[in-house]
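Read off the chains here:
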Amino acid sequence: MNFYDEILRVKDELIHDLQGLLRIPSVLTEYNQDSITPFGEEIHRAFMYMLDLGKRDGFRVKNVDNYAGHLEVGEGEEILGILCHLDVVPAGTNWRFDPFGATLHDGKIYGRGALDDKGPTMAAYYAVKVLKELGIPINKRVRIILGLDEESGWRSVKRYFEKEAMPNLGFAPDANFPLIYGEKGILTTCFSGQADGKGLYEFRFGERTNVVPDYAEAVVDSKHKEHYLAYLKDREERGDIQDLPDGKIKLIAYGKSAHAMEPDDGVNAGFILAEFLHSLFDHPFIRFLVERITFDSRAKKLGLAYHTEDMGDLTVNAGICEYKDGMFKLLLNFRYPIGFDVEAMDRAMKKLGEDYGLHHAIMGNSTPHYVDPRSEWIQILHQAYIKYTNDTNTPLLTIGGGTYARILKNGVAFGAMMPGRPDVVHQPNEYIDIEDLLKAAAIYAEAIYQLTR
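Worth saying up front: this structure is predicted, and the values here are computed from it rather than measured.

S.K.: Looking at this structure, I do not really get the packing of helix α6 (residues 225-235) against helix α7 (residues 269-280). What am I missing?
M.R.: Describing two packed helices takes the angle between their axes plus the distance from one axis to the other. Direction vectors running N to C along α6 and α7 enclose 130°, while the axes themselves pass 11 Å from each other. Of the possible angle classes, the one that applies to α6 and α7 is oblique. Crossing geometry of α6 relative to α7 is assigned as right-handed. Facing α6, whose interface residues are His-227, Tyr-228, Tyr-231 and Arg-235, α7 presents Ile-272, Leu-273, Glu-275, Phe-276, Ser-279 and Leu-280. Its residues assigned to classes, the contact of α6 with α7 comprises 6 nonpolar, 2 polar and 2 charged.

Below you can see the structure in the form of structure tokens.
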């Protein structure tokens, strides 16, 4: 059976439903466990949107405490999980189109979440919808599991799996084709401390640890205005200055956002500004940033460089920095391969921090995830990809990103970004190519069909 032809039949409906989902700005602004909408109104609205689609199309629908839920078809003891998320990172700046406009242009759909993860979620949804409408017997329970805070904590799926069964196997449509069988560990750490500002009143950048910050600002005395303008011109960087009361100014630097799994795809605005501030102030926190962190995605200046053949380099992203009233903190997001010694790293960072008057602490750690790429069910997924792309050359992959696949013992990330496409995840002008969207839906339908024979 050619599932691509079946997806073409519902192409307009798929695009329409995806546009509706993309137009919901489902960015986490505040988590409130006591609220009926714990992740905020907009994320809840996106959640209800998908549950309503499931009801419309005859899926079995379950809402788990407004934390997460699933859309289910099929019968049987075993569960095939398709793990998706409906939250998105903040839009950031430098968009060509409205980031929540779901603009169709030149064969693409533009919008925050188009590729991460609303587009792939809708492709998987329509794959299951087509199988259901064709009346094909499905001998497993196929569950599209909808998480609501994948970008900021995973509290939603934690609650979900406290109450629902763990799938026997599954995939997350939240990465690259042909298939991701290994994901680096994700480690978040914090350096914090207190110091006299010495003329530096405020300094901040970043909103999420898993995004390269594209905006940074600092408050200093107005006498530094011309110096900053000269610095920007000399380095050919983008920035701005705002006048403030009491003889102060706000210095602004602009960079380029990117996913933290490869910081070199972006430009950290905080680094641009930190190196300027270092020329003004002998400040222990700024000195630490410049001597140990700035423009070093491989953590060589921290003494943490690490590499494996299977998973590549350890990387680090300085995701969030806050300095005000003499108190400061810096949150770092590490992506590390199997074999990296986190405990030894923590001991080394504590000792290093002491040299600058800083305290180091681990805030969270998700260990690396690995599935044997020779497994029979992995080969079924790979063959589904090959059937609709004729691509037998692109190897199976490991990545620095972290997907819901790592929740499952038998879980992998599976699409939807095609080989050779620009990686626009977490970047301005995020989009999904419509042809890729349709092909992904066909691949998912084929894979689900074969896994449920």
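Next comes the rest of the account.
S.K.: Sorry if this is basic, but what is going on with the pairing of strand β7 (residues 169-172) here?
M.R.: Put simply, side chains in a regular strand alternate between the two faces of the sheet. Of the two faces of β7, both are covered, the one formed by Leu-169 and Phe-171 as well as the one formed by Gly-170 and Ala-172. Bridge count between strand β3 (residues 79-85) and β7: 3 bridges; the pairing is parallel. From the neighbouring strand, Ile-82 faces β7, where its bridge partner is Phe-171. Across 3 bridges, β7 lies against strand β22 (residues 411-413) in parallel orientation. Counted as the bridge partner of Phe-171 is Val-412 from β22.

S.K.: What should I look at first to understand empty space enclosed by the protein in this one?
M.R.: To find leftover empty space, a probe the size of one water molecule is rolled over the atoms. Applying the stated criterion across every chain yields a total of 2 cavities of 30 Å³ or more. If you add up the space inside the largest cavity, you get close to 80 Å³. Surrounding the largest cavity, Leu-115, Ala-416, Met-417, Met-418, Arg-421, Pro-422, Val-424, Tyr-431, Ile-432, Asp-433 and Asp-436 form its lining. Every element with two or more residues in the lining of the largest cavity is listed here: β23 (416-417) and β24 (431-433). The element that contributes the greatest number of residues to the lining of the largest cavity is β24, accounting for 3 residues. Looking at the lining of the largest cavity residue by residue, the classes come out as 8 nonpolar, no polar and 3 charged. Around the second largest cavity, the lining residues are Ala-258, His-259, Met-261, Glu-262, Asp-265, Asp-423, Val-425 and Gln-427. Classifying every residue of the lining of the second largest cavity by side-chain character gives 3 nonpolar, 2 polar and 3 charged.

S.K.: How should the side chain of Asp-296 be read in this particular structure?
M.R.: By the secondary structure assignment, Asp-296 is in the loop between α8 (284-292) and β15 (307-308). At 5.6 Å, Lys-301 is the nearest oppositely charged side chain to Asp-296, a buried residue that forms no salt bridge. Polar side-chain contacts of Asp-296 include one of 2.8 Å to the backbone nitrogen of Lys-300.

S.K.: Just to check I follow, could you spell out the packing of aromatic side chains for this structure?
M.R.: Note on aromatic pairs: each is described by the distance of the centres and the angle between the planes. Scanning the entire structure with this criterion turns up 29 aromatic pairs. For the pair Phe-271 and Phe-295, a centre-to-centre distance of 5.3 Å together with 70° between the ring planes defines the contact as edge-to-face. Here Phe-295 lies in the loop between α8 and β15 and Phe-271 lies in helix α7, a separation of 24 residues in the sequence. Look at Phe-295 and you get partly exposed, because its relative accessible area is 43%. Both rings, one in Tyr-306 and one in Phe-340, keep their centres 5.4 Å apart while their planes meet at 65°; by these two values the pair is edge-to-face. With Tyr-306 in the loop between α8 and β15 and Phe-340 in the loop between β18 (327-336) and α9 (342-355), this residue pair connects regions lying 34 residues apart in the sequence.

S.K.: Is there a simple way to think about the environment of Gly-266 in this case?
M.R.: Mapping Gly-266 onto the fold places it in the loop between β14 (248-254) and α7. Looking at Gly-266, the relative accessible area reads 15%, which means it is buried. Each C-alpha atom, one on Gly-266 and one on Pro-213, is 8.3 Å from the other, the two residues being 53 residues apart in sequence. Setting aside residues no more than four positions away along its own chain, Gly-266 makes contact with Val-212, Lys-256, Ser-257 and Ala-258.

S.K.: Please explain unusual backbone geometry as it appears in this structure.
M.R.: With glycine set apart, most residues show a phi of negative sign, and most peptide bonds adopt trans. For the peptide bond that leads from Asp-116 to Asp-117, omega is 5°, which places it in the cis range. Structurally, the position occupied by Asp-117 is in the loop between β5 (108-110) and α4 (118-133). That bond from Gly-415 to Ala-416 is cis: its omega, 15°, falls within 30 degrees of zero. With respect to the helices, strands and loops of the structure, Ala-416 is situated in strand β23. Despite not being glycine, Phe-295 shows a phi value in the positive range, around 50°.

S.K.: Is there a simple way to explain helix α10 (residues 376-389) in this structure?
M.R.: Because each turn of an α-helix spans 3.6 residues, side chains separated by three or four positions end up pointing in the same direction. Relative to the 20 Å expected for 14 residues at 1.5 Å per residue, α10 spans 20 Å between its end C-alpha atoms, a close match to the ideal helical length. Restricting attention to buried positions, one finds in α10 the residues Trp-377, Ile-378, Leu-381, His-382, Ala-384, Tyr-385, Ile-386 and Tyr-388. Buried residues in α10 make contact with α1 (3-9), β7, β22 and α11 (434-451). After α10 finishes, the residue Asn-390 shows a positive phi value of roughly 60°.

S.K.: Honestly, the state of the cysteines in this entry has me stumped. Any pointers?
M.R.: One way to say it: the disulfide is the covalent bond shared by the sulfur atoms of two cysteines. Here the structure, examined in full by the defined rule, presents 0 disulfides. Between Cys-190, a free cysteine, and Cys-321, which holds the nearest cysteine sulfur, the sulfur-to-sulfur gap is 10.0 Å.

S.K.: Would you take a moment to explain α9 for this structure?
M.R.: Helix length check: α9 (14 residues) gives 20 Å between terminal C-alpha atoms against 20 Å at 1.5 Å per residue, within 8%. Restricting attention to buried positions, one finds in α9 the residues Val-342, Met-345, Asp-346, Met-349, Leu-352 and Gly-353. Projected down its long axis, α9 carries its buried residues within an arc of 130°, all on one side. When the buried face of α9 is taken as reference, the exposed residues oriented beyond 90 degrees from it are Glu-343, Arg-347, Lys-351, Glu-354 and Asp-355.

S.K.: What exactly am I supposed to notice about the pairing of β3 here?
M.R.: The buried fraction of β3 is high, at 7 of 7 residues. Alternating residues of β3 divide into Ile-79, Gly-81, Leu-83 and His-85 and Leu-80, Ile-82 and Cys-84, and every residue in both groups is buried.

S.K.: Explain the side chain of His-283 here, please?
M.R.: As for its placement among the helices and strands, His-283 is situated in the loop between α7 and α8. Within the structure, His-283 has its side chain in polar contact with the backbone nitrogen of Phe-285 (distance 3.1 Å). In contact with His-283, other than residues within four places in its own chain, are Ala-195, Asp-196, Gly-197, Leu-200, Tyr-323 and Phe-328.

The rules behind each value
Here, residues in each chain are numbered from 1, in the same order as that chain's written sequence. Reporting of local features is limited, given that this is a predicted model, to residues whose pLDDT is at least 70; pairs of side-chain atoms are given and counted only at 80 or more, and all residues count toward the totals for whole chains, interfaces and linings. The side-chain numbers reported here are obtained from all heavy atoms of the structure, hydrogens and water having been left aside. Fitted lines through C-alpha atoms serve as axes, helices being fitted only where they are in contact, and the angles separating the N-to-C directions of these axes extend from 0 to 180 degrees. Secondary structure elements are defined from DSSP: runs of H or I of at least 4 residues count as helices, runs of E of at least 2 residues count as strands, and each element is numbered from the N terminus. Here is the rule for angles: anything less than 35 degrees is roughly parallel, anything more than 145 is roughly antiparallel, 65 through 115 is roughly perpendicular, and the remaining ranges are oblique. Handedness of a crossing is defined here by the sense of rotation of the near helix relative to the far one, left-handed for an anticlockwise turn of less than a right angle and right-handed for a clockwise turn. It only takes one pair of heavy atoms within 4.5 Å for two residues to be counted as in contact. The residue classification treats Ala, Val, Leu, Ile, Met, Phe, Trp, Tyr, Cys and Pro as nonpolar and Asp, Glu, Lys and Arg as charged. All others, Gly included, are polar. When a residue's accessible area, from a 1.4 Å probe over protein chains only, is under 20% of the maximum for its type it is buried; when over 50% it is exposed; and in between it is partly exposed. Criterion used throughout: strands pair if DSSP finds at least two bridges between them. Throughout, the protein atoms alone are placed on a 1 Å grid, and a set of points is a cavity if a 1.4 Å probe fits but cannot get out or a pocket if it is open with protein on both sides within 12 Å along at least five of seven lines; lining residues have an atom within 4 Å of a point. Grid points are joined across faces, edges and corners, and a volume is the space filled by probe spheres set on the points. Charge counting follows a simple rule: Lys and Arg are positive, Asp and Glu are negative, and His as well as the terminal groups are ignored. We define a salt bridge as a contact between a side-chain nitrogen of Lys or Arg and a carboxyl oxygen of Asp or Glu at a distance within 4 Å. Two N or O atoms form a polar contact when they lie within 3.5 Å of each other; inside protein one atom must be a possible hydrogen donor and the other a possible acceptor, and for residues adjacent in sequence the pair counts only when both atoms belong to side chains. Under the pairing criterion, centres of Phe, Tyr and Trp rings, with the six-membered ring standing for Trp, must be within 6.5 Å; the plane angle then separates stacked pairs below 30 degrees from edge-to-face pairs above 60, leaving the rest tilted. One fewer than the residue count of a helix, multiplied by 1.5 Å, yields its expected span. Cysteine sulfur atoms that come within 2.5 Å of each other are treated as a disulfide pair. It is the directions from the helix axis to the C-beta atoms whose arc is reported.

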